[in-house]
Every structure is written in C-alpha cells, then in structure tokens.
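Letter by letter, the chains look like this.
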Amino acid sequence: MQILPKSPTVKNPPEQFTGDVWLDVIASPKEADQQAVVGRVRFAPCARTAWHSHERGQTLHVTEGVALLGQRDGTVLEVHPGQTVYTAPGEEHWHGATPEDFMEHLAVTENGDDPALTTTWLEHVTDADYHRP
Ligand code: MN
C-alpha cells in the first residue's frame, strides 16, 4: 500500500470544453489489466464539455453545485450533490455547470482497448442547446 503523489491540476483543452474546466486525476491504471480512470472535474459557471461519448460508458457523481447533463433528445437533466449518473457506452451527451455556480463532479471512466479512443469528441454545445429549459 502506498500514498500516491497528487497529480497536478490541469486545465482541460478548449477544443473539447467551453469555459474553464479543471481536472485532477485521482486514479488511473497501475497494472496491465486495470482500466478505470477517476477524475475530479471542476467547472466554472457556464462551462461545459463538448458533445461526446465514451466507448465503455461513464459514471458521474456530483459533489458540489448543480450539474447539467445534456442528451440528444434535447432534455437537460439537473443533477444534485450526492446523485450519480450513468451514461451507457456510445451514448452522446455533455456535462457542465449552471450559469450561476461552480460545479464539481467525480468521473469514473473505463479505458478502451486503445486509451486514446476511450472518449469520442464531437461538436461544441451551442448556447441555444446549453440554455434550453
Ligand atoms: Mn462524459
């Protein structure tokens, strides 16, 4: 057993995120047969991911603020601290903060066989889609 060094907080890239989004990787594979990646992700007000999907799905657990979870049918879920959301493999979605507050969630993602292809990134979320009631 060992206490791991804290990984540096990194800003997520503007090609895949709108606004300021910061990532701390909490857990990543240490052995050849491990695939889970856990990140603590902090979003500034109005910040959100681009549309994307995950090859093996993703579990999100909201820890602070109110998370907005957008789906392709136009609905946007409001998810509160302590609530957990599962998105199935290949399901296109986005996640972000509300316009009024910071939001933090934990993200649990299983790497694909090629870790670079774990997440398929698509177009940015337009203001119209973001503000849809
Ligand atoms: Mn996601």
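This is a predicted model, so every value here is computed, not measured.

## A closer look at the packing of aromatic side chains
Link 1 in the chain: Applying the stated criterion across every chain yields a total of two aromatic pairs.
Link 2 in the chain: On the basis of an interplanar angle of 55° and a centroid distance of 5.3 Å, the ring pair of Phe-17 and Trp-121 is categorised as tilted. With Phe-17 in strand S2 (residues 17–18) and Trp-121 in strand S13 (residues 119–121), this pair connects stretches of sequence that are 104 residues apart.
Link 3 in the chain: Look at Phe-17 and you get buried, because its relative accessible area is 9%.

## Some thoughts on the nonpolar core
Link 1 in the chain: With 15 residues, the main nonpolar core has Val-21, Phe-43, Ala-67, Leu-69 and Val-79 as its most contacted residues.
Link 2 in the chain: Elements with a minimum of two residues in this core: strand S4 (36–43), strand S7 (58–64), strand S8 (67–71) and strand S12 (103–110).
Link 3 in the chain: Those residues in contact with Val-21 that lie beyond four places of it in its chain are Val-10, Lys-11, Asn-12, Val-41, Arg-42, Phe-43, Ala-47 and Arg-48.
Link 4 in the chain: Trp-51, Leu-68, Trp-94 and Val-125 belong to the second largest nonpolar core, which has five residues in total.

## Describing the side chain of Ser-53
Link 1 in the chain: Inspection of the secondary structure puts Ser-53 in strand S6 (residues 52–54).
Link 2 in the chain: What Ser-53 contacts, discounting residues up to four positions off in sequence, is Gly-90, Glu-91, Glu-92, His-93, Thr-118, Thr-119 and Thr-120.

## What to know about the side chain of His-93
Link 1 in the chain: Note that His-93 resides in strand S11 (residues 93–97).
Link 2 in the chain: Overall, the relative accessible area of 2% leaves His-93 in the buried class.
Link 3 in the chain: At 3.4 Å, the side chain of His-93 and the side chain of His-54 are in polar contact.
Link 4 in the chain: In contact with His-93, not counting residues within four places along its chain, are Ala-50, Trp-51, His-52, Ser-53, His-54, Gln-58, Gly-70 and Thr-87.

## Thoughts on the sheet that holds strand S1 (residues 10–11)
Link 1 in the chain: Strand order in the open sheet made by the six strands is S1-S3-S4-S12-S7-S10, with antiparallel pairing throughout. Every other strand in the sheet has two partners, leaving S1 and strand S10 (84–87) as the edge strands with one partner each.
Link 2 in the chain: Here six bridges tie strand S3 (residues 21–27) to S4, and the two strands are oriented antiparallel to one another. In the strand pairing of S4, Leu-23 is matched with Val-41.

## Digging into the pattern of salt bridges
Link 1 in the chain: With the rule as written, the count across this model stands at nine salt bridges.
Link 2 in the chain: One salt bridge in this structure joins Asp-24 and Arg-40, with 4.0 Å as the shortest N-O distance. Note that Asp-24 is positioned in strand S3 and Arg-40 in strand S4, a separation of 16 residues in sequence.
Link 3 in the chain: For Asp-24, a relative accessible area of 4% gives the class buried.

## Details of the coordination of the manganese ion
Link 1 in the chain: Around the manganese ion, the protein contributes the donor atoms His-52 (NE2), His-54 (NE2), Gln-58 (OE1), His-93 (NE2) and His-95 (NE2), at 2.2 Å from the metal centre.
Link 2 in the chain: All donors to the manganese ion come from one chain, and their sequence spacing reads H-x1-H-x3-Q-x34-H-x1-H. Each member of the pair His-93 and His-95 is classed as buried.

Criteria and thresholds
Residues numbered from 1 in each chain as written. Predicted model: local features only at pLDDT ≥ 70, side-chain atom pairs only at ≥ 80, totals over all residues. Heavy atoms only, no water. Phe/Tyr/Trp six-rings, centres within 6.5 Å; stacked < 30°, edge-to-face > 60°. Helix = DSSP H or I, 4+ residues; strand = E, 2+ residues; numbered from the N terminus. Buried < 20%, exposed > 50% of the residue type's maximum accessible area, 1.4 Å probe, protein only. Core = buried A, V, L, I, M, F, W, Y, C linked by side-chain atoms within 4.5 Å. Contact = heavy atoms within 4.5 Å. Polar contact = N/O pair within 3.5 Å; in protein donor to acceptor, adjacent residues only side chain to side chain. Pairing = 2+ DSSP bridges. Salt bridge = Lys/Arg side-chain N within 4 Å of Asp/Glu carboxyl O. Donors = N, O, S within 2.8 Å, 3.2 Å for Na, K, Ca; no water.

Purely geometric numbers; function is a separate question.
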